[in-house]
Structure formats: C-alpha cells, structure tokens
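# Structural characterization, general
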Amino acid sequence: MSQAETPPQTGTAPQTGTAPQAGPAGPRDPDPVRVRPRGPVRPRSPLWTLGLLRSEITTLLRRHRTFALLGVLAAVPVLIGIAVRIETGGGGGGSGGPDGGAGPAFLAQVTNNGLFLVFAALAATLPVFLPMAVGVVAGDAIAGEASSGTLRYLLVAPAGRTRLLLVKYASVLAFCLVATLVVAASALAVGALLFPVGEVTTISGTRISFGEGLVRAALTALVVAVSLTGFAALGLFVSTLTGSGIGAMAATVGLLVTVQILDSVPQLSGVHPYLFAHHWMSFADVLREPVHWDDLIKNFQLQGLYVAVFGSAAWARFTAKDITA
C-alpha cells in the first residue's frame, strides 16, 4: 500500500503550522504574544513646564558668565558712589536739582540722599551695561545650545519647540529682573553707607518719606526690567537665526549699539519713537508727584510691540528650523 493510501492513524500529532484548538476548558497556548493597546498621549502637565523653567533659570544663574555679568553690574554703583564721595568730600552740597531724569541730575542729589544713587546707577547702566548683559544672555539662549550640541537633546526630552522657546524667553526675562535688582540693591547699599538717607525730594519738588522713596526705587527697577523685554525678544530672534552662540551675542550687541546711535542722531527724529531704546529713560517719571504715566505707557506699548513681532518671528523660525545639533 502506498503512502498516499495509508489511512490516518488515531492519536497522531497535528501537522506543523496548525494551531491547537483550545476549548473553554482546553489547554492554553504556552507562549502567547500579547500586544497591549496604547492609550492616547496625555498632554504635559503645567507643573512639568514649571520644572523645566526652574531648571533653565537655575542653570543660567549658576554659569560663571552670569556671575561675571552680574558682578560688573554690581560694581557700577560702587564706582559711581566712590567717585561722588571723593568729588564732594561727603558733603551735602549738591546744588543741581532734578530736571527731568538725566543722569547728572540724579548725581547732584546723591550727596543729599543716598537713595538717589539707585536712580543714578540705573540711569548710568541702562543705556549700555544692562542691555549688553541681556543681549549676551538672549543671544546665547538658542544658538548657544546649538553650538554646544545640546539643542537636539533638549527637543528629544521631549520639551517641544514652542515650550522650549517660551521657557528660554522666560529665563531671559528672569535675568532682566535679576540684573536690574542687582544694580538697585548694590546702589542702595553703597548709597546708605556713604551718604545720608532720609526724605526724598521728587522731581516735582515735593517731599516724600524714605519708605515711599524705597517703594519708588523698587518700582523704578521694575520699569527698567520691563523696558528690556523688547530687546530680549529681539535677541532671542537673532539666536534662532544661527548656530553660533558667539555670533548671536555679537549680532545682538551690534544691534544695540546701532539703535543707540540712531536714537542720538537728530536728523532721524522721525524714526526715534519706533526704536526700542527711545523711551528707556522714562523711568524718571516715577519720581514725579504724582507719577507721570504718559511716557511710561508709551514705553510699555513699544516693548509689547517688539515682543509680539520678534517673538512671533522667533517662533516661526525655530519651529521650522532643521535642528542638526
């Protein structure tokens, strides 16, 4: 009998490739392959974003470069206070009264009241030192990560490009506030140490208490910090255009110098109101009684315009950028 005619024997094993049929009480497959369905991806918690922001600010403030920048800013009020002390011999002979917020007008009042050193130091550092420090930090925000090769890893975290850009800008704003407060605190300490303190004579000629003068000084520092937000957004946009941190910092500082030069040319008075630095010295209106808000509001509106325009440009550039480093 041929193999084809051999009748099937009972109890033979099933052919290879056929799966055993298990009934309700039958044996289970010894090696099943189970695939667990994946649920929907949950959005990141706001606490996770706050943790990312806290980590970014902590990293920024721990850098040696940041310490160097803050040290230079803190040294400016010390140098101004010592120079005024040597020039006047510590006497209260400042005869020039405040006439609208220029630096020399504040310096003339420092010998009468050390609290005015806060306003004089902010007036001295705002045109160059403070924005230059902010330009270094803002220019390095994205480009510095790209040049060091860590930007791609931050995005893989996953942080998300929009979230990462917002965190970077928020950290730059935090530096603006910290840098301004460092200048104000250093000036207050030096002014109280070298000169008498007491009631404050405002630009309007009225006198306010020393406590209210401290409040005005804190408000002035806050106004100065807000005045730097537009330039910070511009620096962040520049940082998204290149992968070189040094190049972005140099370009941002170069834009600062260019705008300052343009703002000092009388023949270009038509474009002055649109330059981000034009209303920076409006913080002097905080020392008026009552406070004059017209120029302050113009300053806030101009900074908001720069934040909206260059913040949007930075987002459009960064979200479409090919990240290779």
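Above this note sits the structure.
Structure report, in brief. Please read all numbers here as calculations on a predicted model, not as lab measurements.

## Things to note about the environment of Gln-301
Relative to the helices and strands, Gln-301 is located in helix 11 (residues 294-320). Of the residues examined, Gln-301 reaches a relative accessible area of 55% and is grouped as exposed. Gln-301 sits 71 residues away from Gly-230 along the chain, and the two C-alpha atoms are 9.9 Å apart.

## Observations regarding the pattern of salt bridges
Tallied over the entire structure, the rule returns seven salt bridges. Residue Asp-140 is joined to Arg-65 by a salt bridge in which the shortest nitrogen-to-oxygen separation is 2.8 Å. You can see Asp-140 sitting in helix 5 (residues 129-148) and its partner Arg-65 sitting in helix 2 (residues 64-88), a full 75 residues away along the chain. Taking relative accessible area as the criterion, Asp-140 reaches 11% and is therefore assigned buried. Two residues, Glu-199 and Arg-207, come together in a salt bridge whose shortest N-O distance is 3.1 Å. Several salt bridges converge on common partners, so that one network encompasses Arg-63, Arg-65 and Asp-140.

## Structural notes on unusual backbone geometry
Pro-290 follows Glu-289 through a cis peptide bond whose omega is 0°. Secondary-structure assignment places Pro-290 in the loop between helix 10 (245-263) and helix 11.

## Digging into helix 9 (residues 229-239)
Along helix 9, eleven of the eleven residues are buried, which leaves the element largely enclosed by surrounding structure. By the burial criterion, the buried members of helix 9 are Thr-229, Gly-230, Phe-231, Ala-232, Ala-233, Leu-234, Gly-235, Leu-236, Phe-237, Val-238 and Ser-239. Tucked into the core, helix 9 has its buried residues touching helix 5, helix 7 (161-194), helix 8 (210-227), helix 10 and helix 11.

## What to know about a nonpolar patch on the surface
A cluster of nonpolar residues, Leu-177, Leu-181, Leu-222, Val-226, Trp-293, Ile-297 and Phe-300, forms a patch on the protein surface that exposes about 580 Å² of accessible area. Looking at the nonpolar patch, the elements that each hand over two or more residues are helix 7, helix 8 and helix 11. Mapping Trp-293 onto the fold places it in the loop between helix 10 and helix 11.

## Thoughts on the packing of aromatic side chains
A complete count under the given rule lists six aromatic pairs for this structure. The interplanar angle of 50° and the centroid separation of 5.7 Å between the aromatic rings of Phe-276 and Trp-280 together place this pair among those described as tilted. Put simply, the rings of Phe-231, Phe-237, Phe-276, Trp-280, Tyr-306 and Phe-310 pair up and form one aromatic cluster.

## With respect to the side chain of Glu-56
In this structure, Glu-56 sits in helix 1 (residues 46-61). Residues within four places of Glu-56 in sequence aside, it is in contact with Val-167, Lys-168 and Ser-171.

## Concerning the layout of surface pockets
Reported here for the largest pocket is a volume of approximately 160 Å³. Lining the largest pocket are 15 residues, with Arg-63, Arg-65, Asp-140, Ala-141 and Lys-168 sitting closest to its centre. Elements that contribute at least two residues to the lining of the largest pocket include exactly helix 1, helix 5 and helix 7. For the lining of the largest pocket, the element with the most residues is helix 5, which contributes seven residues. Residues of the lining of the largest pocket, tallied by class, amount to five nonpolar, four polar and six charged.

Each value, and the rule that gives it
The numbering scheme is per chain: residues are counted from 1 as the chain's sequence reads. pLDDT decides what is reported in this predicted model: residues at 70 or higher carry local features, side-chain atom pairs at 80 or more are listed and counted, and totals for whole chains, interfaces and linings draw on all residues regardless. Note that the side-chain values use all heavy atoms of the structure and ignore hydrogens as well as water. Runs of H or I in DSSP of at least four residues are treated as helices and runs of E of at least two as strands, each being numbered from the N terminus. Think of it in three bands: residues with accessible area under 20% of the maximum for their type are buried, residues over 50% are exposed, and the middle band is partly exposed, with areas taken using a 1.4 Å probe on protein chains only. One speaks of a salt bridge when a side-chain nitrogen belonging to Lys or Arg is within 4 Å of a carboxyl oxygen belonging to Asp or Glu. We call two residues contacting when some pair of their heavy atoms lies within 4.5 Å. Residues form patches when they are more than 30% accessible in relative terms and have no salt bridge. Like charges link within 9 Å. Nonpolar side chains (Val, Leu, Ile, Met, Phe, Trp, Tyr) link within 5 Å. A 1.4 Å probe and the Shrake-Rupley method give the accessible areas. Residues count as covered only by the protein chains that appear here. Under the pairing criterion, centres of Phe, Tyr and Trp rings, with the six-membered ring standing for Trp, must be within 6.5 Å; the plane angle then separates stacked pairs below 30 degrees from edge-to-face pairs above 60, leaving the rest tilted. Residues are called lining when one of their atoms sits within 4 Å of a cavity or pocket point, these points coming from a 1 Å grid over the protein atoms alone, where a cavity is a set in which a 1.4 Å probe fits but cannot get out and a pocket is an open set with protein on both sides within 12 Å along at least five of seven lines. Grid points are joined across faces, edges and corners, and a volume is the space filled by probe spheres set on the points. When residues are sorted by character, Ala, Val, Leu, Ile, Met, Phe, Trp, Tyr, Cys and Pro go into the nonpolar class, Asp, Glu, Lys and Arg into the charged class, and all the rest, Gly among them, into the polar class.

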